[in-house]
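# Commentary on secondary and tertiary structure
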Amino acid sequence: MKLLFMGPPGAGKGTQAEIICKEHSIPQISTGEILRAAVKNGTEMGKKASEAMNAGQLVPDEVVIGIVRDRIQEPDAKNGYILDGFPRTIEQADALGKMLEGMGQKLDVALNLDVPDDELVKRLLERAQKDGRADDTEPVIKNRLKTYNDQTAPLIDYYQKKGILKPIDGLGSMAEITDRIRKALA
Ligand code: ADP
């Protein structure tokens, strides 16, 4: 099963992706996690990415496209995966489509977790207090939401047109949302 998890920052993509991945024994491929690891390890890629991340902007398309191209060819991704936080631009989505076509693969479902902006800001500020992620400060959060609305939200329409979009109401308890996702995938 090859899935995309889309949704604004703070929608709960990462948490839900982790649960669904475990249930299906497939890897969760989170470009955000991979980039944060690169920043922490001080790699060349991390150095290039950190400025954009700390400003709430997107890392250049070619960087994240390269990450995903390498990662989906690993042996553990053979039977499927969840892409969490990728694609985030139309260019990334087009590149992914070409990549998969070249590998004889296709996406099964693009899930979109829908959460209103005021709830997102509240959740992200709560998370900021708990885990202290460098990009969870109010001005950066606002910028991430703007980046999402400008560059990533158009992907909802993009995957709707491809006929694989499944919208999920992202308001409710974690368990309720997991259940909605399971039903959408059944
Ligand atoms: P969130 O969904 O909470 O914003 P992520 O962990 O998915 O967090 O991403 C954190 C940051 O990493 C983003 O704000 C962005 O700078 C960078 N990033 C992650 N994925 C991508 C991507 N596909 N394209 C460009 N930048 C990305």
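Structure report, in brief. (Residues numbered from 1 in each chain as written. Predicted model: local features only at pLDDT ≥ 70, side-chain atom pairs only at ≥ 80, totals over all residues. Heavy atoms only, no water.)

## Focus: the sheet that holds strand β5 (residues 165-169)
Spatially, β2-β3-β1-β4-β5 is the arrangement adopted by the 5 strands of the open sheet, whose pairing is parallel. With partners counted over all chains shown, the strands left at the sheet margins are β2 (28-30) and β5, one partner each. Within this sheet the neighbouring strands show an average axis-to-axis angle of 20°, counted without direction. Alignment of β2 against strand β3 (residues 81-84), held across 3 bridges, turns out to be parallel. Within the sheet, the bridge partner assigned to Ile29 lies in β3 and is Leu83. Where helix α8 (residues 154-161) meets the sheet, its contacts fall on β1 (2-6), β4 (109-114) and β5, and the angle it forms with β1 comes to roughly 150°. Where helix α9 (residues 174-185) meets the sheet, it contacts β1, β4 and β5, and its direction lies at approximately 155° from that of β5. (Pairing = 2+ DSSP bridges. Helix = DSSP H or I, 4+ residues; strand = E, 2+ residues; numbered from the N terminus. Axes fitted to C-alpha atoms, helices over the stretch in contact; angles between N-to-C directions. Contact = heavy atoms within 4.5 Å.)

## Some points on the pattern of salt bridges
Pairing is possible between side chains that carry opposite charge, provided their charged atoms lie close to one another. Considering all chains together, one arrives at 16 salt bridges under this definition. Put simply, Lys161 and Asp157 hold a salt bridge, and the shortest N to O gap is 3.1 Å. Highlighted residues: Lys161 and Asp157, both in helix α8, separated by 4 residues, approximately one helical turn. Here Asp179 and Lys183 are joined by a salt bridge, their closest N and O atoms 3.4 Å apart. In this pair, Asp179 and Lys183 are both assigned in helix α9, 4 residues apart and thus about one turn of the helix distant. (Salt bridge = Lys/Arg side-chain N within 4 Å of Asp/Glu carboxyl O.)

## Here we look at the nonpolar core
Among the nonpolar cores identified, the biggest contains 30 residues, and Leu35, Val59, Ile72, Leu83, Leu96 and Tyr159 are the most heavily contacted of them. For this core, the secondary structure elements donating two or more residues are β1, α3 (44-54), α4 (61-71), β3, α5 (90-102) and α8. Excluding anything up to four places from it in sequence, Leu96 contacts Leu4, Val68, Leu83, Phe86, Pro87, Leu107 and Tyr159. (Core = buried A, V, L, I, M, F, W, Y, C linked by side-chain atoms within 4.5 Å. Buried < 20%, exposed > 50% of the residue type's maximum accessible area, 1.4 Å probe, protein only.)

## Remarks on the side chain of Asp136
Relative to the assigned elements, Asp136 resides in the loop between α6 (117-131) and α7 (138-152). A distance of 2.9 Å separates a polar atom in the side chain of Asp136 from a polar atom in the side chain of Arg127. A distance of 2.8 Å separates a polar atom in the side chain of Asp136 from a polar atom in the side chain of Arg144. Non-local contacts of Asp136, meaning those with residues more than four positions away in its chain, are made with Leu124, Arg127, Ala128, Ile141 and Arg144. (Polar contact = N/O pair within 3.5 Å; in protein donor to acceptor, adjacent residues only side chain to side chain.)

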